[in-house]
Amino acid sequence: MKTLKIVIIVLNMILLIHSIHFGLFAILPFLLKKKEVKRVTKKKHKFLILIAARNEEMVLGKLINSIKKQTYDKNYYKICVMPNNCTDDTKQIALNEGCMILEPKFKTKTKGEVLNYAFECFKNDNSFDTYIIFDADNVLDRNFLVNINDKLNEGYKVVQGFRDSKNLYENAITGSYGLFFFLQSLFVYEARSRMGESSSINGTGYAVLKDYINKINYRATTATEDIELTCVSAINHEKIGYQRSAIFYDEQVTNFFISMKQRKRWIQGSMQVLKYYMKDLFYAIKEKNSFQLIEMFFVLTLPINQSIALFLLIISYIFFIPLPLIILGILIGYIGEVCVSIFLTIYFKKSIKKLILGILFFPIFHLSWLPIYIYSMFNTKNVWEEIKHTKALDISEMLEK
């Protein structure tokens, strides 16, 4: 028993490095003076907006409408819809809206494969200089493109916008999703930005220079093309910018079991990235160590860290920790997460009253990542499953909420 206790203590000390890293760099940047980044150019970028769409007839029109209402010069952006594996009127809606259509000539399995096809097709097209990637269920704030352009002019080749939620107040699941993305936005993306360090790409709502894609010859090979491009950028020592004022709204799933499937796909994709790029990541760290590379390593190994931590916690509960302390620990943890949720709600100017179900459910939602981490460690085979998007909301409707 004594040996077991020593082993658990040693492993916990090793795992504590993860917690210290994320905890320290979540809070410290807000206690120090923000690192100012100056504009290096006044260029007006020409955007090609890419929308990979699979059976998105319910929501696609609202996204296109919000793009057409941008305050950015209309001559400096165009919309390309990429229908794939569709059995509905997605393509026809895009045509009716006057969008460019790029339809893959092969059966695609992931969004990454669709984007790869676009990157190859437009490789030598000089009519634009920057891709912007959206999911069909997004809608944009009117100044999204203006603010993305401003951030690109600070010298970044990749810029992530701020993800808000279309259906934040619908139920406990959508509320918890929204709080989770708020947590990431403030304590990871905003915190890193204040340090002058690299942010991350988060699924959708990001811009990337075409020359950069061509230079690194980026083509997604995993199911999570956003995490993969973040990792490739770290390996190439290219920092990712974060633009808080470039706001877009994303639809969150409403069913807990569907959310488990969705998050399983994200974590399995992350494990694929770890497996595929680990060697390159270590070589890059050995060649030129940086905060960005270490951060990437911690992010990719988080599922492993959390799985081992859960195992050690269970062993500790069984052999070493009295039941009253277990109950007290769970209660303190729950209250702590609720307090963080309330802080995030106030910080991002949302309604506590409307979000109360999400606030109270958030600790459970957060805890539900653990079985996903464990499962994904042993099964990285990622099978795409369609998630229906039905919240057809105009940007004006979003601003009224």
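Residues numbered from 1 in each chain as written. Predicted model: local features only at pLDDT ≥ 70, side-chain atom pairs only at ≥ 80, totals over all residues. Heavy atoms only, no water.

Right, let's get into the overall build of the protein chain. If you tally the helices and strands in the protein chain, you get 15 helices and 8 strands. Taken over C-alpha atoms, the radius of gyration comes to 22 Å for the protein chain, in line with the 21 Å a tight globule of 401 residues would show. Each principal axis of the C-alpha atoms in the protein chain carries an extent, and together these give about 70 × 50 × 45 Å. Sorting the 401 residues of the protein chain into buried and exposed places 52% on the buried side. Total accessible area on the protein chain stands at roughly 19200 Å², and carbon and sulfur atoms take up 61% of it. Once the 51 positive and 37 negative side-chain charges of the protein chain are each reduced to a mean point, those two points are 5 Å apart. (Helix = DSSP H or I, 4+ residues; strand = E, 2+ residues; numbered from the N terminus. Rg over C-alpha atoms; globule rule 2.2 N^0.38 Å. Buried < 20%, exposed > 50% of the residue type's maximum accessible area, 1.4 Å probe, protein only. Areas by Shrake-Rupley, 256 points an atom, 1.4 Å probe, with all protein chains shown as cover. Lys, Arg positive; Asp, Glu negative; His and termini not counted. Charge placed at Lys NZ, Arg CZ, Asp CG, Glu CD.)

Here we come to the packing of helix 9 (residues 256-287) against helix 14 (residues 369-378). One can describe the packing of helix 9 onto helix 14 by two numbers: an axis separation of 9 Å at closest approach and a directional angle of 45°. Between helix 9 and helix 14, the angle is such that the two are oblique. Where helix 9 crosses over helix 14, the two elements pack in a sense that is right-handed. For the pair helix 9 and helix 14, contact is made by M260, R263, K264, W266, I267, Q268 and M271 and by W369, P371, I372, Y373, Y375, S376 and M377, respectively. Here the contact of helix 9 with helix 14 is built from residues that sort into 10 nonpolar, 2 polar and 2 charged. (Axes fitted to C-alpha atoms, helices over the stretch in contact; angles between N-to-C directions. Parallel < 35°, antiparallel > 145°, perpendicular 65-115°, else oblique. Left-handed = near helix turned anticlockwise from the far one by under 90°. Contact = heavy atoms within 4.5 Å. Nonpolar A, V, L, I, M, F, W, Y, C, P; charged D, E, K, R; others polar.)

Now for the side chain of D129. Position of D129 relative to the elements: it lies in the loop between helix 4 (111-121) and strand 4 (130-135). Discounting residues that sit within four places of it in the chain, D129 has contacts with K43, H45, K46, L209, K210 and D211.

Right, let's talk about the packing of helix 11 (residues 302-319) against helix 14 for a bit. Orientation of helix 11 relative to helix 14, taken along the N-to-C sense of each, is 110°, at an axis distance of 9 Å. In terms of orientation, helix 11 and helix 14 fall into the roughly perpendicular class. In this structure, helix 11 meets helix 14 at a crossing whose hand is left-handed. Together, L302, P303, I304, Q306, S307 and L310 of helix 11 and L370, Y373, I374 and M377 of helix 14 make up the contact between the two elements. Here the contact of helix 11 with helix 14 is composed, by residue class, of 8 nonpolar, 2 polar and no charged.

Let us now look at the sheet that holds strand 8 (residues 240-250). Here we have 8 strands laid out as an open sheet, ordered 3-2-1-4-7-6-8-5, and mixed in their pairing. The open sheet is flanked by strand 3 (100-101) and strand 5 (139-140), the only strands paired with a single partner. (Pairing = 2+ DSSP bridges.)

Across the 8 residues of strand 6 (residues 158-165), 8 count as buried, placing the element largely inside the fold. Sheet analysis places strand 6 next to strand 7 (residues 206-209), joined by 3 bridges and oriented antiparallel. Each residue of the ladder has a partner; that of Q160, found in strand 7, is Y206.

Glancing now at the environment of G155. Relative to the helices and strands, G155 is located in the loop between helix 5 (144-152) and strand 6. Distance in space between the C-alpha atoms of G155 and I314 is 47 Å, their sequence separation being 159 residues.

Within the fold, S199 resides in the loop between helix 6 (172-195) and strand 7. A residue is classified by how much of its surface remains accessible, and S199, at 4% relative accessible area, is buried. If we skip the residues at most four places from it in the chain, S199 touches Y189, T230, I240, G241 and Y242.

Our focus in this paragraph is a nonpolar patch on the surface. Together, L331, Y334, I335, I342, I346, I352, I356, L357, L360 and I364 make up a nonpolar patch on the protein surface, roughly 840 Å² of accessible area in all. Secondary structure elements with two or more residues in the nonpolar patch: helix 12 (323-347) and helix 13 (352-367). Positionally, L331 belongs in helix 12. Taking relative accessible area as the criterion, L331 reaches 48% and is therefore assigned partly exposed. (Patch = residues over 30% accessible without salt bridge, like charges linked within 9 Å, V, L, I, M, F, W, Y side chains within 5 Å. Salt bridge = Lys/Arg side-chain N within 4 Å of Asp/Glu carboxyl O.)

With that settled, the discussion passes to the packing of aromatic side chains. Throughout the structure, instances matching the rule amount to 35 aromatic pairs. Each member of the aromatic cluster is reached from another via a ring pair, and the members are Y177, F180, F181, W266, F362, F365, W369 and Y373. Above the ring of F181, the side-chain terminus of R163 is found at 4.0 Å from the ring centroid. If you follow R263 out to its NZ or CZ, it ends over the ring of F365, 4.2 Å from the centre. (Phe/Tyr/Trp six-rings, centres within 6.5 Å; stacked < 30°, edge-to-face > 60°. Lys NZ or Arg CZ within 6 Å of the ring centre and 35° of its normal.)

Attention now moves to the pattern of salt bridges. Across all of its chains, the model carries 13 salt bridges by this definition. The partner of E120 in a salt bridge is K123, and the shortest N-O contact between them spans 2.9 Å. Since its relative accessible area comes to 42%, E120 is described here as partly exposed. You can call K123 partly exposed: its relative accessible area is 31%. The partner of K157 in a salt bridge is E238, with the nearest N and O atoms 3.8 Å apart. On the criterion of sequence distance, the pair formed by K157 in the loop between helix 5 and strand 6 and E238 in the loop between helix 8 (225-235) and strand 8 is long-range, its members being 81 residues apart. We classify E238 as buried; its relative accessible area is 17%. Residues participating in the shared-partner salt-bridge network are K111, D135 and E225.

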